[in-house]
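# Residue-level structural notes
Here is what each chain is made of, one letter per residue.
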Number of protein chains: 2
Amino acid sequence: MAKSRSAPRLADVAERAGVSLATASRSLAGREGVSESVAAHVREVALQIGYVANVHARTLAGGATSTVGLIVHEIGDPYFSEIASGVLGVATERGLTVQICHSGRDPGNELHQIRTLIAHRTDAIVIAGSGYTDPALQEESDRVLTAFQETGGRVAVIGRHHLSVDAVLPDNKPAGEVIGAHVLSLGHRRIGILAGSPLLTTVADRLAGIEAALHAEGLSLDDIPVLHTEFTRDGGHAGAEELLREHPDLTAIIALNDAMAIGVLSVLRKHGVAVPGQISVAGFDDVAVAADLAPSLTTVKLPMVEMGAAALTMALKPASARRRRKGTGHQLMARDSTGPVRAR
Amino acid sequence: MAKSRSAPRLADVAERAGVSLATASRSLAGREGVSESVAAHVREVALQIGYVANVHARTLAGGATSTVGLIVHEIGDPYFSEIASGVLGVATERGLTVQICHSGRDPGNELHQIRTLIAHRTDAIVIAGSGYTDPALQEESDRVLTAFQETGGRVAVIGRHHLSVDAVLPDNKPAGEVIGAHVLSLGHRRIGILAGSPLLTTVADRLAGIEAALHAEGLSLDDIPVLHTEFTRDGGHAGAEELLREHPDLTAIIALNDAMAIGVLSVLRKHGVAVPGQISVAGFDDVAVAADLAPSLTTVKLPMVEMGAAALTMALKPASARRRRKGTGHQLMARDSTGPVRAR
DNA sequence: AGCGCTTACGAAAGCGCTTTCACACTCGTC
DNA sequence: GACGAGTGTGAAAGCGCTTTCGTAAGCGCT
């Protein structure tokens, strides 16, 4: 057997079926204008010789790629994999393939991924995850995406507002307010905040929400320690160590996402600190394992799957006026990791 | 501004730069035979008008797509997202784009995803996750993949053996043996097993390992309850409920992956069963959160990231003799969820 | 029998790119 | 000062497909 003959082409199918390229193409596409008997024969021949249409040729000749791109910060992160799940659901439903790229939380790389997706002429691009507060970066991707849209591409983003594209905006600020109010209502005043990179808009928004809650109690973010590390378990781990060292009097720690909160819990367990006995811990997102931790994690549920689905649906809609959408909903999940302040 | 003019083409760049298509192409590809001054000018023009080469046209004319495909059962599952992470690492290193598809643990869909990837003429396809014991399905994908290889495509699989392609084979059986021996060494004899779908080869392999450990103690799988549910948290949840109901005398539960073990822990917590006081729990894989659960989960670590990296590396190697590879390594992570049997 | 009308199919153009081949040039050489 | 060897550039073929347009056959009708 030839070691590397090339893949069967439509011409091969046509020849073997004794029809022209046009007829073969129409038959396989299920298009009108071919008698059923001929079409069936062509299909059979195609199956026989293992013909799989070349998407590149098809795209070049035809139009739509039936592929959409999804860019996430980190596929391993449950927050993003749940969003991806939502996107995949809608895509599958519509017979679209999803090309997933991950930017590794690197803005430069993100731009590169956007370019890659544009080069693939995907029908739509969905970008998930916090934007960057650096205006230069924001501007550049804005430019590229706008150009993409002008050539007929569809774009939707999840969780960033600067861009001139459709957006699904999670309730980051309200969520911050809710979790802040919850912790405050339990009597905590010495609260430490563990935030991700200050470059992320999500961080800014969630902090703003917490700030609002603090205000309601006559407090301010300036009164309490806010530590910026990384939006990961390890970031939470490192941050909690530092917080414990520098501020041993804290009675509560709010991590700005669940991954960090998990890191916090592990540090506290390591140091034998009772949760919530000595320190209460809260997170954001309500990732799947949050309920399975011990103690189960108090957090704010954001509808990640729905957000992903909504973003793609939005992007796929016929172009029209901006459909910027706010308010995805959120829900306090008060679990065992938070409790009332006790006398120490 | 035109609502939907098409994207700039190479011809536009060439025209604006006052050169031919050939020169423009060479300049942008960084190919020899163009004076540096001309090349620089072309590149500048391209940047100016926001030219992004059409991958489809390039592929059609040229050859390699610089894209590799990855098929996973479920991207949300940490087992797979860690594998993906390994694949992405190697791909990024080599300037390749990864197209991730998820089959949703549906063999039929998996075949569809393989076809999609072939249609995209990806340079390589990596399929992660257990194969299916159904020989018909196996045969069909085998056929398709073999054909793909004969036309120059590269393929590697992770965790399945039937296929006539390169494979990275996790130590499923040794891992089963190790975890089985561990649990037995703690004195447990009334052990329940929670397995995923019996259609998965991974399940069969891990069970075989456990069986071997049992044999060493003069026991057999036939002596203990083995329940087949789903390889997910919910599968573990449901399975644990049933196991508890039907076999209230169990002192240990081995789940065939960590996701299921997490479900088990949650059921036990709900019912107020002490772990490992009353029942010990063990899993497989050592996903990231395993150490963060309470109690921390005893499990067998498999090097998922390395497996992903190894698979793509293998696939990308120049075609030669089969490089089927066994023994990826494994390590018992004895943590707090398992303990010695106590008198009850 | 001749007319238009529909229907089934084929020839060929063209999607945007890469690459081969041929064609000018400019040198250094005998 | 004519020669071959380089060097930089362009014309054109072709990758595998879709689609427009044209044509031939089949049909009912007058």
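Since we're looking at a predicted model, the values are computed, not measured.

What counts, and where the lines are drawn
- Residues numbered from 1 in each chain as written.
- Chains lettered and ligands numbered in written order.
- Predicted model: local features only at pLDDT ≥ 70, side-chain atom pairs only at ≥ 80, totals over all residues.
- Heavy atoms only, no water.
- Helix = DSSP H or I, 4+ residues; strand = E, 2+ residues; numbered from the N terminus.
- Contact = heavy atoms within 4.5 Å.
- Areas by Shrake-Rupley, 256 points an atom, 1.4 Å probe, with all protein chains shown as cover.
- Near = heavy atom within 4 Å.
- Polar contact = N/O pair within 3.5 Å; in protein donor to acceptor, adjacent residues only side chain to side chain.
- Nonpolar A, V, L, I, M, F, W, Y, C, P; charged D, E, K, R; others polar.
- Buried area = accessible area lost by both parts, 1.4 Å probe.
- Salt bridge = Lys/Arg side-chain N within 4 Å of Asp/Glu carboxyl O.
- Phe/Tyr/Trp six-rings, centres within 6.5 Å; stacked < 30°, edge-to-face > 60°.
- Buried < 20%, exposed > 50% of the residue type's maximum accessible area, 1.4 Å probe, protein only.
- Least-squares fit on C-alpha atoms with pLDDT ≥ 70 in both.
- Core = buried A, V, L, I, M, F, W, Y, C linked by side-chain atoms within 4.5 Å.
- Expected span 1.5 Å × (residues − 1).
- Pairing = 2+ DSSP bridges.
- Axes fitted to C-alpha atoms, helices over the stretch in contact; angles between N-to-C directions.
- Parallel < 35°, antiparallel > 145°, perpendicular 65-115°, else oblique.

A separate point is the overall build of chain A. Along the backbone of chain A there are 12 helices and 11 strands. Projected onto its principal axes, the C-alpha coordinates of chain A cover approximately 90 × 40 × 35 Å. Considering only contacts within chain A whose residues lie at least 6 apart along the sequence, 76% involve residues at least 24 apart. Just so you have it, chain A exposes about 14,100 Å², and 53% of that area is on carbon and sulfur atoms.

It is worth spelling out the protein's contact with DNA strand D at this point. Around DNA strand D lies a shell of 25 residues, among which L10(A), S25(A), Y51(A), S20(B) and T23(B) are the nearest. Taking the atoms of DNA strand D that fall within 4 Å of the protein, sugar and phosphate contribute 63% of them. Contact between DNA strand D and A57(A): a base nitrogen at 3.3 Å from a main-chain N or O atom of the residue. Within the backbone of S20(B), a nitrogen or oxygen atom sits 2.9 Å from a phosphate oxygen of DNA strand D. Of all the secondary-structure elements, those providing two or more residues to the surface near DNA strand D are helix 2 (21–29) and helix 4 (55–61) of chain A together with helix 2 (21–29) and helix 4 (55–61) of chain B. Of the residues that constitute the surface near DNA strand D, the class distribution is 14 nonpolar, 6 polar and 5 charged.

Moving on, we get to the interface of chain A and chain B. Accessible area lost on assembly of the parts is the figure often given for the size of an interface. Across the boundary between the two partners, chain A contributes 47 residues, which contact 47 residues of chain B. Both sides together, the interface formed by chain A and chain B hides about 4,200 Å², and carbon and sulfur atoms give 58% of it. A per-residue breakdown of the area chain A buries against chain B is headed by H56(A), E150(A) and D292(A), which together make up 17% of the total. Between the two partners, chain A and chain B, sit 2 salt bridges.

Residue and element names in this part refer to chain B. One pass over the structure, following the stated rule, counts 2 aromatic pairs over all chains. With centroids separated by 5.0 Å and ring planes inclined at 90°, the aromatic side chains of Y79 and F80 adopt a geometry described as edge-to-face. This pair shows no difference in class: Y79 is buried, exactly as F80 is.

This part takes up the environment of T23(A). Residues and elements named next belong to chain A. Summarising the element assignment, T23 is placed in helix 2. Take T23: its relative accessible area is 18%, and that puts it in the buried class. Considered as a pair, T23 and G33 are 10 residues apart in the sequence and their alpha carbons are 8.5 Å apart. Those residues within four positions of T23 in sequence are excluded, and the remaining contacts are V34 and V38.

For the rest of this paragraph, the subject is the protein's contact with DNA strand C. Around DNA strand C, the surrounding shell holds 25 residues, and the nearest of these are T23(A), S35(A), L10(B), S25(B) and Y51(B). Near the protein, within 4 Å, the atoms of DNA strand C are sugar or phosphate in 64% of cases. Take A57(B): an N or O atom from its main chain is 3.3 Å from a base nitrogen of DNA strand C. Grouping the amino acids of the surface near DNA strand C by side-chain chemistry returns 14 nonpolar, 6 polar and 5 charged.

Turning our eyes to something else, we now look at the relation of the copies chain A and chain B. Overlaying chain A on chain B yields an RMSD of 0.1 Å, the required transformation being a rotation through 180° with an accompanying axial translation of 0.1 Å. Both chain copies can therefore be described as sitting about a two-fold axis. Here 100% of the interface residues in chain A have copies in chain B that are interface residues too; the copies meet face to matching face.

Below, the discussion takes up the nonpolar core. Core analysis: the biggest nonpolar cluster contains 154 residues, and L256(A) and L256(B) have the highest contact counts within it. Beyond its immediate chain neighbours, meaning those up to four positions away, L256(B) contacts I193(B), L194(B), A195(B), V203(B), R206(B), L207(B), I210(B), F231(B) and F284(B).

As a further point, take helix 6 (residues 107–119) of chain A. Between its terminal C-alpha atoms helix 6 of chain A stretches 18 Å, which fits the 18 Å expected from 13 residues at 1.5 Å a residue. All of the buried residues along helix 6 of chain A are E110(A), L111(A), Q113(A), I114(A), T116(A), L117(A), I118(A) and A119(A). Where helix 6 of chain A is buried, its residues contact strand 1 (67–72), strand 2 (97–102), strand 3 (124–128) and helix 7 (135–150) of chain A together with helix 4 and strand 2 (97–102) of chain B. Where helix 6 of chain A begins, one side-chain oxygen reaches toward the backbone nitrogen of G108(A), 2.8 Å away; that side chain belongs to D106(A). Directly beyond the C-terminal end of helix 6 of chain A, a positive phi value near 50° is found at R121(A).

Turning to the pairing of strand 6 (residues 191–195) of chain A, a few remarks are in order. Along any regular strand, the residues point their side chains to alternate faces of the sheet. Residue and element names in this part refer to chain A. Burial analysis of strand 6 places 5 of its 5 residues in the buried class, which makes it a mostly covered element. Residues I191, I193 and A195 of strand 6 are buried on one face, and the alternating residues G192 and L194, pointing to the opposite face, are buried as well. Relative to strand 8 (residues 252–255), strand 6 is paired through 4 bridges, and the arrangement is parallel. If you follow I193 over to strand 8, its bridge partner there is I254. Bridge analysis of strand 6 against strand 7 (residues 226–228) gives 3 bridges, and the strand direction is parallel.

An α-helical turn contains 3.6 residues, so a residue and the one three or four places further along point in the same direction. All names here are of chain A. Between its first and last C-alpha atoms helix 8 (residues 172–185) spans 20 Å; for 14 residues at 1.5 Å apiece the expected length is 20 Å, and the two agree. All buried positions along helix 8 are accounted for by N172, A175, G176, I179, G180, H182, V183 and L184. Residues of helix 8 that are buried in the fold lie against strand 6, helix 9 (201–216), strand 8, strand 9 (280–282), strand 10 (299–301) and strand 11 (331–333). Positive backbone phi, approximately 100°, marks G187, located one or two places after helix 8.

Position of T59(B) among the secondary structure elements: in helix 4. In terms of polar contacts, T59(B) uses its side chain to reach the backbone carbonyl oxygen of V55(B), at 2.7 Å.

All names here are of chain A. Remark: helix 2 packs on helix 3 (residues 36–48), axes separated minimally by 9 Å, with the N-to-C direction vectors making an angle of 85°. When the axes of helix 2 and helix 3 are compared, the pair comes out roughly perpendicular. Contacts between helix 2 and helix 3 involve T23, A24, S27 and L28 on the former and, on the latter, V38, A39, V42, R43 and A46. Residue composition of the contact of helix 2 with helix 3, grouped by class: 6 nonpolar, 2 polar and 1 charged.

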